[in-house]
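# A look at the structure
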Amino acid sequence: MKFPSSRRVRALLAIGPLVGLSWLGAYAAFTDSVDVTTSFSTGTIAIRANDQTGTVAFTSLTTTGMIPGTVRYAPLRITNSGTSDFDYAMSTAVTGSAPLASALTIGIKTVTSATCTATEYNASRTVVYAEAAELGSAAIASRPLAAAASEFLCYRVELPSGAANSLQGLTSNATFTFTATS
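The present account deals with the structure reproduced in this document. (Residues numbered from 1 in each chain as written. Predicted model: local features only at pLDDT ≥ 70, side-chain atom pairs only at ≥ 80, totals over all residues. Heavy atoms only, no water.)

## Some words on the sheet that holds strand E1 (residues 47-49)
Here five strands make up an open sheet; going across it, the order is E1-E2-E7-E4-E5 and the pairing antiparallel. The outermost strands of the open sheet, each flanked by one partner alone, are E1 and strand E5 (127-133). Sheet twist, expressed as the mean angle between neighbouring strand axes with direction ignored, is 25°. Of the pairings in the sheet, the one linking strand E4 (residues 105-111) to strand E7 (residues 150-158) comprises seven bridges and is antiparallel in character. Paired with Gly 107 across the strands is Arg 156, a residue of E7. (Pairing = 2+ DSSP bridges. Helix = DSSP H or I, 4+ residues; strand = E, 2+ residues; numbered from the N terminus. Axes fitted to C-alpha atoms, helices over the stretch in contact; angles between N-to-C directions.)

## As for the side chain of Glu 158
Position of Glu 158 among the secondary structure elements: in strand E7. A polar contact of 3.0 Å, which involves the side chain of Glu 158, links it to the side chain of Arg 156. Other than its neighbours up to four places away in sequence, Glu 158 contacts Met 66, Thr 70, Val 71, Ala 103, Leu 104 and Thr 105. (Polar contact = N/O pair within 3.5 Å; in protein donor to acceptor, adjacent residues only side chain to side chain. Contact = heavy atoms within 4.5 Å.)

## So, the pairing of E7
For E7, the tally of buried residues reaches eight of nine residues, placing the bulk of the element in the interior. Examined bridge by bridge, strand E2 (residues 71-80) and E7 share nine bridges and lie antiparallel to one another. Paired with Ala 74 across the strands is Tyr 155, a residue of E7. (Buried < 20%, exposed > 50% of the residue type's maximum accessible area, 1.4 Å probe, protein only.)

## Thoughts on the nonpolar core
By size, the foremost hydrophobic cluster in this structure holds 29 residues, and its most contacted members are Leu 153, Tyr 155, Phe 176 and Phe 178. Of all elements in the fold, only E2, strand E3 (86-96), helix H2 (98-103), E4, E5, strand E6 (140-145), E7 and strand E8 (172-181) reach the threshold of two or more residues within this core. Excluding its chain neighbours within four sequence positions, the residues that come into contact with Leu 153 are Ala 74, Pro 75, Leu 76, Ile 78, Tyr 88, Ile 108, Lys 109, Thr 110, Val 128, Ile 140 and Phe 178. Among the nonpolar cores identified, the runner-up in size contains six residues, and Val 111, Tyr 121, Phe 152 and Cys 154 belong to it. (Core = buried A, V, L, I, M, F, W, Y, C linked by side-chain atoms within 4.5 Å.)

## Comments concerning the pattern of salt bridges
Taken as a whole and assessed by the stated rule, the structure comprises four salt bridges. For the salt bridge of Glu 151 with Arg 143, the shortest nitrogen-to-oxygen distance reads 2.8 Å. Just as Glu 151 is buried, Arg 143 falls in that class too. Arg 156 is paired through a salt bridge with Glu 158; the nearest N and O atoms lie 3.0 Å apart. This pair shows no difference in class: Arg 156 is buried, exactly as Glu 158 is. Sharing partners across several salt bridges, the network here consists of Glu 131, Arg 156 and Glu 158. (Salt bridge = Lys/Arg side-chain N within 4 Å of Asp/Glu carboxyl O.)

## A short note on the environment of Leu 159
Considering the arrangement of structural elements, one finds Leu 159 in the loop between E7 and E8. With a relative accessible area of 5%, Leu 159 lands in the buried category. C-alpha of Leu 159 to C-alpha of Thr 105: the two residues are 54 residues apart in sequence and 6.5 Å apart in space. Once residues within four sequence positions are removed from consideration, Leu 159 is found in contact with Met 66, Ile 67, Pro 68, Gly 69, Thr 70, Leu 100, Ala 103, Leu 104 and Leu 167.

## Topic: unusual backbone geometry
Phi is positive for Asn 50, which is not a glycine, with a value near 50°. Inspection of the secondary structure puts Asn 50 in the loop between E1 and E2. In this structure, Glu 134 takes a positive phi of about 85° despite not being glycine. Summarising the element assignment, Glu 134 is placed in the loop between E5 and E6. What makes Glu 134 partly exposed here is its relative accessible area of 28%.

Shown next as structure tokens:
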């Protein structure tokens, strides 16, 4: 068997890469690229009562000189001033006279505006807290509120006409705590 001369082998080895490179050059393609970037940020949860934060004095519900049969209506505007939807809840804590707090009846409904009277309260079909005795039991389990939205709650508090004579001269204080969660 005869092997090709080393000169031929060297020539083929030298020319081969050149031919290969020229072949590749004939098949060159256009190219392009694109970078895609993004960012992430968190939303905010911010609840307000009557457009205020912190501890808000609910003076429109404050009632002095109650006698049996006294009924008080008062609006409270709850606002989502954050950037994210949330659900809010309300709990009640009472201090002062426990017998008076137990005797008071409270109910909460939504109304369409800051007008909260017997007419608006009775016309509302959205019961947030059904009327019941025991001021301290008033609670809202969960209500959705969209970002930048608000709603008016209409509170109704009554000292029933059958209230005991022993309730004279007593004072109860209520703190309604609203908590928003996403």
